[in-house]
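Examination of the molecular architecture
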Amino acid sequence: MAREQTMPPSNLTLNRVAEAVPPQAWFGVSAVFHYLGPSFAVLLFPFVGVLGVAWFRIASAALIFAPFTRPWRTLRQVDAKTRWLLFGLGVCLATMNTAFYLALDRLPMSLVAAMEFVGTIGVALYGVRIGRNVLALALAVLGVFILIDLKWSTDLLGLFWASLNAALFVAYIVLGHKAAEGGASGGVERLGAAMAVAFIILMPIGFIEAAKAFGTLELVLAGIAVGLCSSVIPYIADQLAMSRLPRATFALFLAILPATATVIAAIVLAQIPTPRDFAGIALVMVAVAIHTPQKPS
C-alpha cells in the first residue's frame, strides 16, 4: 500500500480508469486493435521485410511507452524476482511477435489464429471450476472453429513459427497476468519496462531490414502505426482487463477475436458474414455471456 501512495497521479488515474469501466470493455478494445495492427504489418512486408516490421512494432511501442512508464526507473527499483519477470516478458514479446510475423509470411492468417487459440484453450480449461464454465469453453471452441476457414499446410517452417507463436502467446497471458497483479498502473509500468527489454533484444536482429524504410516517410509512419495498433493500445487494454479478470476468464474471452475480425471485415471491407459466420459469432457470444469468472484457488 505504501508504494501506491508514492505513485504519480497519472498512474493512480489509470487505476481508477481500469476500475470505472467493465473489464469486458477493455478486452473489446484489445480485440479490435488485435486485427488493425496486422493489416498494417502485412502491407509493409514487401517493402521492409518481416524482421524489419517486427523491429518497427517493438521499437515504436518502446518509444511510445518510455516517456510515461520510465522503464529505466522501473528496472532499477523493482526487486530481483520482478526484474526476472520483466526480462521474461520482454523476451516473450520480442520472440512472440517475430514468430507471429514469420508465420504470417508463410501461412494463412486463419491457420495461425487457430493454432494460437488452441494454446489458450489449455489456459481456460486449467481454470475451470464449475460445469457452467465447461459448457462456456466448449461453446467458445466450437464457435471459433466454425468461424475460421481452416486449411492445413505442409509448410513445416511456417508451422514451426506458428507453433512457437502459439506457445509464447500462452506465456504472454501468464506473464502478463503476473505483471497486472498489483493493479493496472503497475502493470502498464511493467509492460513498458518489458517492451524496452524486447527492443534491446530485437535491435541487432531487425534494424538492418527496418533501415530500408527510413528514407520514406510513409513507410516510417506505417511502421509506427503497426507499433501503436499492435503493441501499445491492445497491450495497455490487456493490462486494464487482466488487472480485474481471472486468467482463465481472459483466455476464454480470446474466443471473441475471430468474431471481432468477422465484424470488422463486414464494416470496413464490406465482407458480409455468411449464415455460418453468424452461427459461430452467436456461439462465442453465448459462451462469454454464460461464463462465470472464478477466482483462482
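Quick notes on the rules
- Residues numbered from 1 in each chain as written.
- Predicted model: local features only at pLDDT ≥ 70, side-chain atom pairs only at ≥ 80, totals over all residues.
- Heavy atoms only, no water.
- Helix = DSSP H or I, 4+ residues; strand = E, 2+ residues; numbered from the N terminus.
- Buried < 20%, exposed > 50% of the residue type's maximum accessible area, 1.4 Å probe, protein only.
- Contact = heavy atoms within 4.5 Å.
- Areas by Shrake-Rupley, 256 points an atom, 1.4 Å probe, with all protein chains shown as cover.
- Axes fitted to C-alpha atoms, helices over the stretch in contact; angles between N-to-C directions.
- Parallel < 35°, antiparallel > 145°, perpendicular 65-115°, else oblique.
- Left-handed = near helix turned anticlockwise from the far one by under 90°.
- Nonpolar A, V, L, I, M, F, W, Y, C, P; charged D, E, K, R; others polar.
- Lys, Arg positive; Asp, Glu negative; His and termini not counted.
- Salt bridge = Lys/Arg side-chain N within 4 Å of Asp/Glu carboxyl O.
- Core = buried A, V, L, I, M, F, W, Y, C linked by side-chain atoms within 4.5 Å.
- Patch = residues over 30% accessible without salt bridge, like charges linked within 9 Å, V, L, I, M, F, W, Y side chains within 5 Å.
- Expected span 1.5 Å × (residues − 1).
- pLDDT = per-residue confidence, 0-100.

In this section: the overall build of the protein. Within the protein, the secondary structure is distributed over 14 helices and zero strands. In the protein, the order of α-helices and β-strands from amino to carboxyl end is α-α-α-α-α-α-α-α-α-α-α-α-α-α. Taking all 297 residues of the protein together, the buried fraction comes to 54%. Sequence-distant contacts, at least 24 apart, represent 88% of the contacts inside the protein between residues at least 6 apart. Accessible surface computed for the protein: about 13700 Å², of which carbon and sulfur atoms make up 71%.

With their axes 7 Å apart at the nearest point, helix α4 (residues 50-69) and helix α11 (residues 217-242) run at an angle of 60° to one another. Between α4 and α11, the crossing angle belongs to the class labelled oblique. Of the two elements, α4 crosses α11, and the hand of that crossing is right-handed. Along the contact surface, α4 presents Val-53, Phe-56, Arg-57, Ser-60, Ala-61, Ile-64, Phe-65 and Phe-68, while α11 presents Val-220, Gly-223, Ile-224, Val-226, Gly-227, Leu-228, Ser-230, Ser-231, Val-232, Tyr-235 and Ile-236. A breakdown of the residues in the contact of α4 with α11 according to their chemical character gives 13 nonpolar, five polar and one charged.

As for its position among the elements, Arg-190 is in helix α10 (residues 184-210). For the buried residue Arg-190, which engages in no salt bridge, the nearest side chain bearing the opposite charge is Glu-189, 6.7 Å off.

Let us now look at the environment of Thr-95. Within the secondary structure, Thr-95 is located in helix α6 (residues 80-104). Every residue in contact with Thr-95, bar those within four places of it in the chain, is listed here: Leu-164 and Leu-168.

A separate point is the nonpolar core. Formed by 60 residues in total, the largest nonpolar core has its most connected members in Val-53, Phe-65, Leu-93, Tyr-101, Tyr-172, Met-195 and Phe-250. For this core, the elements supplying multiple residues, two or more each, are α3 (23-48), α4, α6, α7 (109-126), α9 (156-180), α10, α11 and α12 (247-253). Once residues within four sequence positions are removed from consideration, Leu-93 is found in contact with Ile-58, Tyr-172, Leu-191, Ala-194, Met-195, Ala-198 and Tyr-235.

Here we take up a nonpolar patch on the surface. Taken together, the side chains of Met-203, Phe-207, Ile-208 and Phe-214 make up a nonpolar region of the molecular surface, amounting to roughly 370 Å² of accessible area. Topologically, Phe-214 is positioned in the loop between α10 and α11. We classify Phe-214 as partly exposed; its relative accessible area is 41%.

Taking 1.5 Å of rise per residue, the 20 residues of α4 would be expected to cover 28 Å, and the 28 Å separating its terminal C-alpha atoms lies within 8% of that figure. Phi turns positive, to about 50°, at Arg-70, one or two residues after α4.

Okay, the confidence of the model for the protein next. Counting all residues, the mean pLDDT for the protein is 79, and 74% of those residues have values of 70 or more. Note on residues 1-10: pLDDT is under 50 here. Beyond four places in sequence and across chains, it has eight contacts.

Here the focus is the packing of α4 against α10. Packing of α4 against α10 brings their axes to within 7 Å, and their N-to-C directions diverge by 145°. The crossing of α4 and α10 is left-handed. Partitioned by chemical class, the residues of the contact of α4 with α10 number 22 nonpolar, four polar and two charged.

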